[in-house]
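Descriptive analysis of the structure
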Amino acid sequence: MSKKVAKGEYIETDTGNKVSRRSQIIGTTNIILGGKTVIQAEVIIRGDLLRTLSSSTSDKSSGNPVAVAIGRYCFFSRGCELRPPGKLYRGSFSHYPLKIADHVFVGPSSIIEAALIGSHVSIGSNCVIGKFAIIKDYVRILDGTVVPPNMVIPSFSVVGGRPGRVVGEVAEGEVDGFDLREVYRRVGNS
Amino acid sequence: MSFTPYTYFQCPCTESNLPTRRLGESTPTGEEESDQDDRTFDPRAPRANYSLYPLEHLLYCEDCHQIRCPRCVLDEIVTWYCPNCLFEVPSSTVKSEGNRCTRSCFQCPICVAPLSVSSTEAPPEGLGAEHATQSGPYVLNCAYCTWSSKEIGIQFDKPNGIFAQLSKIQNGGKPIVTPRERRKDREERTRDTSGSTMNEDGVVEDLPGTMNLDPHEQLDAESQFSNLKAFYQSQLADSSPASALGFTGEYGYGSPGALSRIMGLYTGGSFSEKKAKSKKGAMREAQDALEGLQITSPASEEKAVNRLLSEGWESTASAAQRKEQSHNAHFVSDLRPIAHLLRTKRSKRCRTCRHILSKPESKVQTTRFRIRLVALNYIPSISIKPLQPATLGRETFLTPMKPTQFLLTFKNPLFDSVKVNIATPASTPGRFASKVTILCPQFEVGANTDAWEEALREGGGKGTEREKKRTKAEASEGQNQAEAGKIWERGRNWVSVVVEVLPADLKIAGPAFMRSEELKKDDGPLREDEDVVEIPVFVRVEWEADAAHDDTTGLTAASRDKEVKEKRELAYWCVLGVGKIAQD
């Protein structure tokens, strides 16, 4: 039986990333994907929002500047958007890199402008994560939450509401539920 | 609003707390115990709400071999830390400084978002702008609602240590007299009262080293309390100097009362009696704000009312905003930034045997656990889904009076295979009783071994493959039609069985024979969540475990004893929420 190479929904890279053909990834040279990451349709990743380097520090930069760095086994649902945050610092407006660790699930239509997202984080649908927010490990963000800018969310929190507040704690038994390896395996047909 | 099926487990801790104490009852306790066994679990009872938990929230005690819920564990604090700066606070500091962050972590009083410190200076421009450091007065800014501490008139000199600077400034810029300064001032005054200066006019001059405190000062609750307390302590000491009670205030053994009492013991009883009869000095009340007196003037009320009339309702603080403040804040301009409450890392302990069930690492940055005994690793987990997969996009309700089949999957986490017995009452408790039938009440679930381990044990991969195919063939025979007494499908460590549900009709008014007993008694309108079908299931799990003992210095006889498998069983109630009944 010959296998027809059909044009499927996802492109699978050699590191195991499954990227949908209908996603909009801008500035791909500045985006690092850790491997086994799923990017669904209509996901926007802004790799073009880079840190504006001044002339004095240009000698240190080697290779491409990183705008978005994503870890392994992440899952970006349909319609979500990853944007590196930017602010006016000492007279000039520049963007800062967005770093996402492993096993991060982002729900549909959520907007992420955080500075740092830790591992094993589950973000619900229609959320807005404000600029320079720092989310630590094992956090669950409920659907529709608006996390205010500069907020630090400690590990094992459940965050909800507008503005986002810590409404509960993640139980010890839920820790294994954040693992996204099974979810990755279920995504089919490249 | 879609319904996801859920499984909740009941913690046995609630059963022992049932109020079965009937004083003077002649029934023997044996009868009561059997009564408990027969009584089925009613998930709609008000008490049930407090004993049902999803499996992820439960812990398991290995010594007691019992499930422990969040209500029956004892919490002990491992570390205190600030949720904003993630800085660990030693417990001694928590006891002295209180349970809030004392660095620069504040929440906006309007919207509870985090505040950031920024300079009020204009940003530098031109060449070398990125190297210029700003040193202007600093303010706290909210990025969510654009509130700034300028709105209450507070600015800071340094960008660090905002907590200390904030405690010294009032809303509006005027300095607050801190309790420490008040105490020092009081001590200065009392030390010099013996040699108080009094000039010819009879006016007491201000002593050097004390502050110029206004006798009609408007005090806040804390300073008023400390002033009053100090005043009454001094009054008590003054009015009864010769009393045997030498324990007023913090005078200790040096108080005049104690001294006279001890001297009286040495010189004889008669002298002490006479001294006790001496008249107690009269105590007076506080005279001015220095001593803690606050006179409410009618003018202050008028001031507030006028402000209200001129500024309107928008300027008043809401109930949620006022709750967070430590003082009575009526207006938005009275609100002060709220320091973050400290958060804790807690370890959980079993209530009966004091065994530690969960212990996180004490460092804030590490998310590992030293000990983590969760119920997920000990009891089989249950998941529900309908046997016929529902059509996508449509809200799936259960049609009343139509038999629907659900698939229950039991996953075994233990390294030994378990025998599971499930039972449920024929009809669900509550006003609308749905009929439930379990097609296979007894089955065995395999052990949670790795695929490799099983392959090695069987002696070759072919053996296991053949076995898998065989069981699949068996399962496919029953695939189209669920048969009573047969499992639906089996995997390495999981088994799925079929449960048939006949949902009740939600009609309240109907022919008498169709309505349940409870409905006849109570025929009010449909209450919230009454249309959800909740099935109480009693699960009994039996397995044979190696009797694990600590000391393994084994003589052959002793080691043989240890190999004897110990039969263990665990029984508990759970509630399966399968779906909502459609209302037409």
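A quick note: this is a predicted structure, and the numbers were derived from the prediction, not measured.

Okay, the pairing of strand S23 (residues 165–169) of chain A next. Residues and elements named next belong to chain A. Note that strand S22 (residues 157–160) and S23 share four bridges and pair antiparallel. Each bridged residue has a counterpart across the sheet, and for Ser157 the counterpart in S23 is Glu169. Where S22 hands over to S23, the hairpin turn is made up of four residues, of which Gly161 adopts a positive phi near 95°.

This part covers the interface of chain B and chain A. Taken residue by residue, the interface counts 29 residues in chain B and 27 residues in chain A. Across the chain B to chain A interface the summed buried area is about 2,400 Å²; carbon plus sulfur atoms make up 56%. Between chain B and chain A we count four salt bridges in total. Note that A:Asp176 is salt-bridged to B:Arg372, the shortest N-O span being 3.4 Å. Viewed at the interface, chain A and chain B are joined by nine residue pairs in polar contact (both at pLDDT 80 or more). Of all the secondary-structure elements, those providing two or more residues to the side of chain B that touches chain A are strand S11 (343–350) and strand S13 (369–372) of chain B. Broken down by element, the side of chain B that touches chain A gets its largest block of residues, three residues, from S11(B). Of the residues belonging to the side of chain B that touches chain A, the class tally is 16 nonpolar, seven polar and six charged.

Residue and element names in this part refer to chain A. What the six strands build is an open sheet, ordered S3-S6-S9-S14-S17-S20; its pairing is parallel. Edge positions in the open sheet fall to strand S3 (24–26) and strand S20 (146–147), since each of these has one partner strand only. Pairing analysis gives two bridges linking strand S17 (residues 128–129) to S20, with the strands arranged parallel. Paired with Val128 across the two strands is Val146, which belongs to S20.

Our next topic: the pairing of strand S10 (residues 86–89) of chain A. Each regular strand shows side chains that alternate between the opposite faces of the sheet. All names here are of chain A. In this structure, S10 lies alongside strand S11 (residues 92–95), joined through four bridges in antiparallel fashion. By the bridge assignment for S11, Lys87 is matched with Ser94. Counting the residues between successive antiparallel strands, the hairpin from S10 to S11 contains two residues, one of them, Arg90, with a positive phi of roughly 50°.

Moving on, we get to the environment of B:Trp494. Positionally, B:Trp494 belongs in strand S20 (residues 494–502). Placed 489 residues apart in sequence, B:Trp494 and B:Pro5 show a C-alpha to C-alpha distance of 19 Å.

Under the definition given, this model contains 23 salt bridges over all chains. A:Glu174 is paired through a salt bridge with A:Arg140; the nearest N and O atoms lie 3.2 Å apart. Of this pair, A:Glu174 sits in the loop between S23 and helix H1 (181–186) while A:Arg140 is found in strand S19 (residues 140–141), placing the two residues 34 residues apart along the sequence. Relative accessible area serves as the criterion here: at 13%, A:Glu174 is assigned to the buried category. When the shortest N-O distance is used, the salt bridge between B:Arg568 and B:Glu566 registers 2.9 Å.

Quick notes on the rules
- Residues take numbers from 1 onward in each chain, read along the sequence in its written order.
- Both sets of labels track the order of writing: A upward for chains, 1 upward for ligands.
- This being a predicted model, a pLDDT of at least 70 is required before a residue's local features are given, and a value of 80 or more before pairs of side-chain atoms are given or counted; all residues contribute to the totals for chains, interfaces and linings.
- Only hydrogens and water are set aside; all other atoms, that is, all heavy atoms of the structure, feed into the side-chain values.
- Two strands form a pair only when DSSP identifies at least two bridges running between them.
- Only DSSP runs of H or I covering at least 4 residues are called helices, and only runs of E covering at least 2 are called strands; the numbering of each starts at the N terminus.
- It only takes one pair of heavy atoms within 4.5 Å for two residues to be counted as in contact.
- What counts as buried area is the accessible surface, traced by a 1.4 Å probe, that two parts surrender upon association, with contributions from both included.
- For this document, the term salt bridge refers to a Lys or Arg side-chain nitrogen within 4 Å of an Asp or Glu carboxyl oxygen.
- In the analysis that follows, any N or O atom pair within 3.5 Å is treated as a polar contact, provided that within protein one partner can donate a hydrogen and the other can accept it, and provided that, for residues neighboring in sequence, both atoms belong to side chains.
- Nonpolar residues are Ala, Val, Leu, Ile, Met, Phe, Trp, Tyr, Cys and Pro. Charged residues are Asp, Glu, Lys and Arg, and all others, Gly as well, are polar.
- The classification of residues rests on relative accessible area computed with a 1.4 Å probe and restricted to protein chains. Under 20% of the type maximum is buried, over 50% is exposed, and intermediate values are partly exposed.

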